[in-house]
Amino acid sequence: MAKIKEIFSYEESRKDNVNVIRFYKDGNWWRAYEMSAYLAHFFPNNLDENEKLFVTKKHYKDLNEDLVNVGLQIKSFKKYFPDVVDDEDFKINESYVDIDVSGVNFYCDENELNYEIFEKWKEKIKIKEGKYNVKTDEKSYTSNEVMRILNDISNYQMSDNKLIDCVSFFNEIQSRVKRIIG
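Procedures and definitions
Position numbers for residues start from 1 in each chain and track the written sequence from start to end. The predicted origin of the model limits local features to residues at a pLDDT of at least 70 and limits the giving and counting of side-chain atom pairs to 80 or more, whereas totals for whole chains, interfaces and linings rest on all residues. The side-chain numbers reported here are obtained from all heavy atoms of the structure, hydrogens and water having been left aside. The residues that make up patches have over 30% relative accessible area and no salt bridge, and they are joined within 9 Å when like-charged or within 5 Å when they are Val, Leu, Ile, Met, Phe, Trp or Tyr. Here the accessible surface of atoms and residues is derived via Shrake-Rupley with a 1.4 Å probe, and residues count as covered only by protein chains that are part of the display. For this document, the term salt bridge refers to a Lys or Arg side-chain nitrogen within 4 Å of an Asp or Glu carboxyl oxygen. Segments assigned H or I by DSSP are reported as helices when at least four residues long, segments assigned E as strands when at least two residues long, and all are numbered from the N terminus. Here's how the labels work: a residue is buried when its accessible area is under 20% of the maximum for its type, exposed when over 50%, partly exposed in between, all with a 1.4 Å probe on protein chains only. Note that the arc is computed from the directions linking the helix axis to the C-beta atoms. Note on contacts: a residue pair is in contact if any heavy atoms of the two residues lie within 4.5 Å.

A. Looking closely at a nonpolar patch on the surface. A contiguous nonpolar patch, built from Val-146, Met-147, Leu-150 and Ile-153 and spanning about 340 Å² of accessible area, is present on the exposed surface. Its location among the elements puts Val-146 in helix 6 (residues 143-155). The exposure class of Val-146 is partly exposed, given its relative accessible area of 30%.

Here is the structure:
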């Protein structure tokens, strides 16, 4: 995966470019950050609100910034971007994939997508809680993390993956569950 500083720099340089969603490879996952995450979340794919890509907000100390992201596996691109993935221009490179969304009419409350609207949306998203609660030093988790795990399991297409990829996915899920239950 590209370094978070590179990702942040790219997203900052294209603040008002609402024509491309960039996903970066992160293990078995592809993640979109900042404006790309916003566009991916609101992409008109006729899914119910609870089926849309889950948005996570995390603070990065190196950047002293809070960044939002969404993630999905390669097999899910067709589900979330049905009209784009079949396009012959859709190409996956080793570390990232760009989805051209020029001309797409997004579902959102505003008439025009721009960076100011993105920032207002981003402010409403809560930062992902850490493993430990600072005040009590007790393990804590939210039902959101459990729902993300269940969503990831339900969206994973075992029949479309090699055995080693399935084992890797299972190990990732197992690690996430262990972090929750201790």
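B. Examining the pattern of salt bridges more closely. Within this structure, the stated rule accounts for seven salt bridges. When the shortest N-O distance is used, the salt bridge between Arg-14 and Glu-11 registers 3.1 Å. Between Glu-116 and Lys-120 there is a salt bridge, and its shortest N-O distance comes to 3.7 Å. Of the two residues, Glu-116 and Lys-120 both sit in helix 5 (residues 115-124), four residues apart, roughly one turn of that helix.

C. Summary view of helix 5. Of all the residues in helix 5, the buried ones are Tyr-115, Ile-117, Phe-118, Trp-121 and Lys-122. Relative to the axis of helix 5, the buried residues are bounded by an arc of 155 degrees and lie together on one face. Exposed side of helix 5, more than 90 degrees from the buried face: Glu-116, Glu-123 and Lys-124 are the residues found there. Looking at the buried positions of helix 5, the neighbouring elements they touch are helix 1 (4-13), helix 2 (35-41), strand 3 (56-60) and strand 4 (65-72).

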